[in-house]
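Residue-level structure breakdown
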Amino acid sequence: MKKTVIFVVGLLLCAAAVTVIGQRKMLSPKEERREIREKRRAERIANFEKTMDSIVLSRNFQFNPQTMQREPAGPLRQIMNPEFNVGIWDGTADICLPYIKGYVPPYYMTIINYTVNDLQGYLTEQTHEGWMVTFSTSLFSASTYTFTFEIFSRTGGATLTITNPWYNPVQYSGSISQLY
């Protein structure tokens, strides 16, 4: 009797498993198209994130600023000149950016326009949103400027903060692109 009960229970479990496996959700054509679009969109986003990650890890990218702001609460300024950027390649930084000098008013605008070979402490660190890239350089002056990029892999956006012991930090918002 026990063997019969065990056999019947086993048969019922097998039948239930076959029924569950055999069931396929019937989707309308509209729902199928929506699922296909969602899968394609997810693939495109994943491919973009992989591309951004490889650009950052190659140490061969360009930051294109769109806005700048003196920290902690300076006015937000648009950057319209396409020649302003920071290019990183082979341990070299080509920097051409507007910069706000001064610790107390009156602040004044200047241009940082240097090509620097001695990037000190170049560090690439992965975060949950993308990457943090940090390096320091003297820019041929007596003080050290620290450049901190916060790069967002999903959007391709980035913020650059330049700090100096003598001036308030300046923060730039923009995008990252591959440097050819």
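Preceding this paragraph is the structure being described.
1. Here's the deal with the overall build of the protein chain
In terms of regular secondary structure, the protein chain is built from 2 helices and 10 strands. Total accessible area on the protein chain is roughly 11900 Å²; 58% of this is exposed by carbon and sulfur atoms.

2. Considering helix H2 (residues 29-57)
The terminal C-alpha atoms of H2, which comprises 29 residues, lie 42 Å apart, in line with the 42 Å expected from a rise of 1.5 Å per residue. Burial in H2 covers these residues: Met-52, Ile-55 and Val-56. Those residues of H2 that are buried lie in contact with strand S1 (60-70), strand S6 (120-126), strand S7 (130-137), strand S8 (145-152) and strand S10 (167-178). Where H2 ends, the next residue or the one after it, Arg-59, has phi of about 55 degrees, a positive value.

3. Quick notes on the packing of aromatic side chains
Taken as a whole and judged by the stated rule, the model has 8 aromatic pairs. An angle of 70 degrees between the planes, with centres 5.9 Å apart, marks the rings of Tyr-99 and Tyr-145 as edge-to-face. Of this pair, Tyr-99 sits in strand S4 (residues 92-101) while Tyr-145 sits in strand S8, and the two are 46 residues apart along the sequence. For Tyr-99, a relative accessible area of 0% gives the class buried. The interplanar angle of 10 degrees and the centroid separation of 5.1 Å between the aromatic rings of Phe-135 and Phe-147 together place this pair among those described as stacked.

4. Focus: the nonpolar core
Core analysis: the largest hydrophobic core is formed by 34 residues, its most contacted members being Ile-95, Ile-151, Leu-160, Ile-162 and Tyr-172. The residues contacting Ile-95, other than those within four sequence positions of it, are Asn-85, Val-86, Ile-112, Asn-113, Tyr-114, Val-116, Leu-139 and Phe-147.

5. Some words on unusual backbone geometry
Following Glu-71, the chain continues into Pro-72 via a peptide bond in cis, with omega recorded as 5 degrees. Mapped onto the elements, Pro-72 comes out in the loop between S1 and strand S2 (76-78). Positive phi is not limited to glycine here, since Asp-90 has a value of about 45 degrees. Tracing the backbone shows Asp-90 in the loop between strand S3 (85-89) and S4. For Asp-90, a relative accessible area of 72% puts it in the exposed group. Of note, Phe-140 is a non-glycine position whose phi angle comes to about 60 degrees, a positive value. Look at Phe-140 and you get exposed, because its relative accessible area is 61%.

6. Side note on the pairing of S10
It is a general feature of regular strands that their side chains alternate between the two faces of the sheet. Both S1 and S10 contribute to a ladder of 9 bridges, which runs antiparallel. Across the sheet, Thr-67 pairs through a bridge with Ser-173, a residue of S10. In sequence, strand S9 (residues 157-164) turns back onto S10 through a hairpin of 2 residues.

7. Some words on the side chain of Ser-136
Residue position: Ser-136 is located in strand S7. For Ser-136, the side chain forms a polar contact with the side chain of Thr-146, separated by 3.3 Å. Ignoring anything within four residues of it in the chain, the contact list for Ser-136 reads Asp-118, Leu-119, Gln-120, Thr-144, Tyr-145 and Thr-146.

8. Section: the side chain of Asn-168
Among the structural elements, Asn-168 can be located in strand S10. Contacts of Asn-168, omitting those with residues within four sequence positions, involve Arg-70, Glu-71, Tyr-99, Gly-102, Tyr-103 and Tyr-107.

9. A look at the pattern of salt bridges
For the structure on display, the rule yields 2 salt bridges. Between Arg-154 and Glu-49 there is a salt bridge, with its nearest N and O atoms 2.8 Å apart. Residue Arg-154 is located in the loop between S8 and S9, and its partner Glu-49 is located in helix H2; the two are separated by 105 residues in the primary sequence.

Cut-offs used in this document
- Residues numbered from 1 in each chain as written.
- Predicted model: local features only at pLDDT ≥ 70, side-chain atom pairs only at ≥ 80, totals over all residues.
- Heavy atoms only, no water.
- Helix = DSSP H or I, 4+ residues; strand = E, 2+ residues; numbered from the N terminus.
- Areas by Shrake-Rupley, 256 points an atom, 1.4 Å probe, with all protein chains shown as cover.
- Expected span 1.5 Å × (residues − 1).
- Buried < 20%, exposed > 50% of the residue type's maximum accessible area, 1.4 Å probe, protein only.
- Contact = heavy atoms within 4.5 Å.
- Phe/Tyr/Trp six-rings, centres within 6.5 Å; stacked < 30°, edge-to-face > 60°.
- Core = buried A, V, L, I, M, F, W, Y, C linked by side-chain atoms within 4.5 Å.
- Pairing = 2+ DSSP bridges.
- Polar contact = N/O pair within 3.5 Å; in protein donor to acceptor, adjacent residues only side chain to side chain.
- Salt bridge = Lys/Arg side-chain N within 4 Å of Asp/Glu carboxyl O.

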